[in-house]
Amino acid sequence: MVIIMKPGTEETVISKVINKVEELGFKPHPIYGVINTVVAVIGDRTQEAMDTLQSMPGVDRVVPILRPYKLAGREVQPESTVVRVGEQVEIGGRVVVIIAGPCAVESREQYLATGRYVKAAGAHILRGSLYKPRTSPHDFQGLHEAGIELLQAAREELGMPIITEVLDPRHIELLEPVTDVFQIGARNMQNFALLVEVGRTNKPVLVKRGMSATVDDLLKAAEYVLVGGNNNVVLCERGIRTFETQTRNTLDISAVPVIKRFSHLPVIVDPSHASGEAWLVPALSKAALAAGADGLMIETHPSPQNALVDGPQSLRPDEFRQLLDDLRPFAEAAGRTL
Ligand code: PEP
Ligand code: MN
């Protein structure tokens, strides 16, 4: 259930309601909005508990949440969430946020060179993973701990926020000092132990949709992070498995407006993993902006033919620059800037 407080209710009155929620054996989750505060209440509701809370000072109304995702849903928070990354970037605001970089961090030269040209082209966040969830154990798995200093070097030299993937709860402590966003990959969308652990931090978390996950599954995965008290969750549509074989995955473009209708969380699109081919990335990026995406995650590499991971879907530096230029009028047509 969710307790909607009357507009302008004092902090001390809200605290009493929160204490009562705990006393009744529930977990309170206050969300301080611009107009009013709501307290989401996690646990199996009873009519008696609802009546008790309803009668408290400052409470406007108590409503049951019918959808399976409570904290991620618009029922509990009608206003869209804006997730702040670092000092300057906001995901879910007017600016369409561009996350770009290689699939994997391969070397100092490759990573810093990529960081420089994506920044110059107008990207906001630099991607690059040290831990790669590869389908085959024989493929390049990433630089692991040896690459941490490269994330640090890029962050210092470029002053850009960094996003990197965590595959295992043990990576969180290691990566927390050098990353601005934790990425939960498609293959780990239902790694509940990992979701719980990133939910205990206050770093933004990008949750990528599993390749066989429904939108409902994705929202429930986000719920795991939110329940831990971390409200900085961004969702990512990256294509799902269908019977179509022309593309690596099928971009489920309707997921963007569907998620926006039911959830207040920002949604970005990853056209690179959705298509698996660099030539398809511009068309899918434009479609994503038209559908209302809050950002794009694009793979690019200084020399895609030599990339250790995901070369065929990575844009060359000139292609990346051109794409951002081409996207500007599309962003404007969608009422955004880039
Ligand atoms: C990635 O972003 O490099 C990645 C592995 O993506 P996904 O988890 O969506 O497959
Ligand atoms: Mn990749």
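Residues numbered from 1 in each chain as written. Chains lettered and ligands numbered in written order. Predicted model: local features only at pLDDT ≥ 70, side-chain atom pairs only at ≥ 80, totals over all residues. Heavy atoms only, no water.

Thoughts on the sheet that holds strand S3 (residues 37-42)
Reasoning step 1: With respect to topology, four strands assemble into an open sheet ordered S2-S3-S1-S4, the strand pairing being antiparallel. Sheet topology places strand S2 (27-32) and strand S4 (59-63) at the edges, where each strand pairs with a single neighbour. If you compare each strand with its neighbour and ignore which way they point, the axes differ by 20° on average.
Reasoning step 2: Relative to S4, helix H2 (residues 47-54) is tilted by about 165°, and along the sheet it contacts strand S1 (2-5) and S4. (Pairing = 2+ DSSP bridges. Helix = DSSP H or I, 4+ residues; strand = E, 2+ residues; numbered from the N terminus. Axes fitted to C-alpha atoms, helices over the stretch in contact; angles between N-to-C directions. Contact = heavy atoms within 4.5 Å.)

A word on the coordination of the manganese ion (ligand 2)
Reasoning step 1: Only Cys-103 (SG), His-273 (NE2), Glu-299 (OE) and Asp-310 (OD) from the protein reach the manganese ion (ligand 2) as donors, at distances of 2.0 to 2.3 Å.
Reasoning step 2: All donors of the manganese ion (ligand 2) belong to a single chain; written as a sequence motif, their spacing is C-x169-H-x25-E-x10-D. Here His-273 is found in helix H9 (residues 271-275), whereas its partner Asp-310 is found in the loop between strand S14 (295-299) and helix H11 (317-333), with 37 residues between them in sequence.
Reasoning step 3: Among the residues examined, His-273 registers a relative accessible area of 8% and is labelled buried.
Reasoning step 4: Of the residues examined, Asp-310 reaches a relative accessible area of 16% and is grouped as buried. (Donors = N, O, S within 2.8 Å, 3.2 Å for Na, K, Ca; no water. Buried < 20%, exposed > 50% of the residue type's maximum accessible area, 1.4 Å probe, protein only.)

Details of the sheet that holds strand S13 (residues 267-269)
Reasoning step 1: The eight strands are arranged S7-S8-S9-S10-S11-S12-S13-S14 in a closed barrel whose pairing can be described as parallel. Neighbour to neighbour, the strand axes of the sheet diverge by 25° on average, direction disregarded.
Reasoning step 2: Where strand S7 (residues 97-101) and strand S8 (residues 125-127) come together, two bridges link them in parallel fashion. Within S8, the residue paired with Ile-99 across the bridge is Ile-125.

So, the domain arrangement of the chain
Size of an interface: often given as the accessible area lost when the parts come together.
Reasoning step 1: One can read the domain layout of the chain as domain 1 (2-63) and domain 2 (83-333).
Reasoning step 2: Computed over C-alpha atoms only, the centres of domain 1 and domain 2 are separated by 36 Å. (Domains from an automatic or database assignment.)

What about the site of ligand 1?
Reasoning step 1: Neighbouring ligand 1 are the residues Cys-103, Arg-127, Lys-132, Glu-165, Gln-183, Gly-185, Ala-186, Arg-187, Lys-208, Arg-238, His-273 and Glu-299.
Reasoning step 2: Separating an oxygen atom of ligand 1 from a side-chain N or O atom of Arg-127 is a distance of 2.8 Å.
Reasoning step 3: One of the side-chain N or O atoms of Lys-208 is found 2.9 Å from an oxygen atom in ligand 1.
Reasoning step 4: In the complex, the protein chains occlude 97% of the 290 Å² of accessible area that ligand 1 would expose alone.
Reasoning step 5: Of the residues that constitute the shell around ligand 1, the class distribution is two nonpolar, three polar and seven charged. (Near = heavy atom within 4 Å. Polar contact = N/O pair within 3.5 Å; in protein donor to acceptor, adjacent residues only side chain to side chain. Areas by Shrake-Rupley, 256 points an atom, 1.4 Å probe, with all protein chains shown as cover. Nonpolar A, V, L, I, M, F, W, Y, C, P; charged D, E, K, R; others polar.)

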